[in-house]
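A look at the structure
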Amino acid sequence: MDAVRVALLREVLAGTEWIQATRRFAGSLRTAVAPHGGGLLLVGGAGYEPWHLAAHLDDEAAWSGLPELSPTLVRQRVPPGAPAHLAVGPGRLAAAGRGETLLVVAPEQPGAELLERVHDARRNGATVLALDGGDRDLHALAHDALTASAPLPDGNPDGSPDDALGTGTGTGPDPEDVASQGLDLDTVQHLVSAAAGENSLPAPRGRRRFRDRLARLADELTAPPPPRW
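From a predicted model like this one, the values you see are computed outputs, not experimental measurements. (Residues numbered from 1 in each chain as written. Predicted model: local features only at pLDDT ≥ 70, side-chain atom pairs only at ≥ 80, totals over all residues. Heavy atoms only, no water.)

1. Concerning the confidence of the model for the protein chain
In this model, the protein chain carries an average pLDDT of 80, and 72% of its residues clear a pLDDT of 70 or more. The model gives residues 151-175 a pLDDT under 50, and that stretch makes 40 contacts with residues more than four places away or in other chains. Note on residues 201-208: pLDDT under 50 across the span, and six contacts to partners over four residues away in sequence or across chains. (pLDDT = per-residue confidence, 0-100. Contact = heavy atoms within 4.5 Å.)

2. Regarding the sheet that holds strand β4 (residues 127-132)
Taken together, five strands build an open sheet; the order of strands is β2-β1-β3-β4-β5 and the sheet is parallel. Sheet topology places β2 (72-74) and β5 (144-147) at the edges, where each strand pairs with a single neighbour. Strand after strand, the sheet turns through a mean of 20° between neighbouring axes, direction not considered. Relative to β5, β4 runs parallel, the two being bridged by four bridges. Residue pairing across strands places Asp132 opposite Thr147, the latter belonging to β5. Its contacts with the sheet put helix α5 (residues 112-123) on β1 (40-44), β3 (101-106) and β4, and the angle it makes with β3 is roughly 160°. (Pairing = 2+ DSSP bridges. Helix = DSSP H or I, 4+ residues; strand = E, 2+ residues; numbered from the N terminus. Axes fitted to C-alpha atoms, helices over the stretch in contact; angles between N-to-C directions.)

3. Section: α5
Taking 1.5 Å per residue as the helical rise, α5 with its 12 residues ought to reach 16 Å, and the 16 Å between its terminal C-alpha atoms agrees with that figure. Leu114, Leu115, Val118 and Ala121 are the residues of α5 that are buried. Buried residues of α5, viewed axially, fall in a sector of 120°; they line one side. In α5, those exposed residues whose orientation departs by more than 90 degrees from the buried face are Ala112, Glu113, Glu116 and Arg123. Contact partners of the buried residues in α5: β1, α4 (91-94), β3, β4 and α6 (136-141). A positive backbone phi angle near 110° is found at Gly125, which sits one or two residues after α5. (Expected span 1.5 Å × (residues − 1). Buried < 20%, exposed > 50% of the residue type's maximum accessible area, 1.4 Å probe, protein only. Arc of directions from axis to C-beta.)

Below is the structure:
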């Protein structure tokens, strides 16, 4: 989802809890990583790797001038020959401690092994954040958590944010359905990563805010993406 579609999604969701909730969570993320200049570890639940969130946070880090947002992707299984930045295995979590932030993304149950590693990281002083489907055990370990409330409507069976906005190849539901019903975890991740890269809270609505938003969109669309991922 590019910057234009994120802006469109925010317009659709204006007046719902999602804008405030995703910005609040993004604020928790920035508060955790800023004092230490980074130390962000990103890990997925069992059978899930948050590739897109890793890439979007890396983009936001480059475009916003906030290098501390660039994550280290911790993988449950590292294939042979993986490049160095994609070869960080779960053993890295054992070394996580004070000054580091562990962001767990788990659409389903994260699994007992990961929960144990997260528990150890928190006990060693790491800040734990969670984007998930509402797992109680993970929430009990997290300093802050944000839950995707529900899948996208039946008119969008593939769960594509583009189709949900009527901008993809599918027909997609009416935009108001996206605002009134729950958001899937992928869409929540897009909103969180975009909010994390914002340099300030949104200004009051008006001409100046509109011009500033257009200027930021233009900067993001013309800037070359980082080659890391």
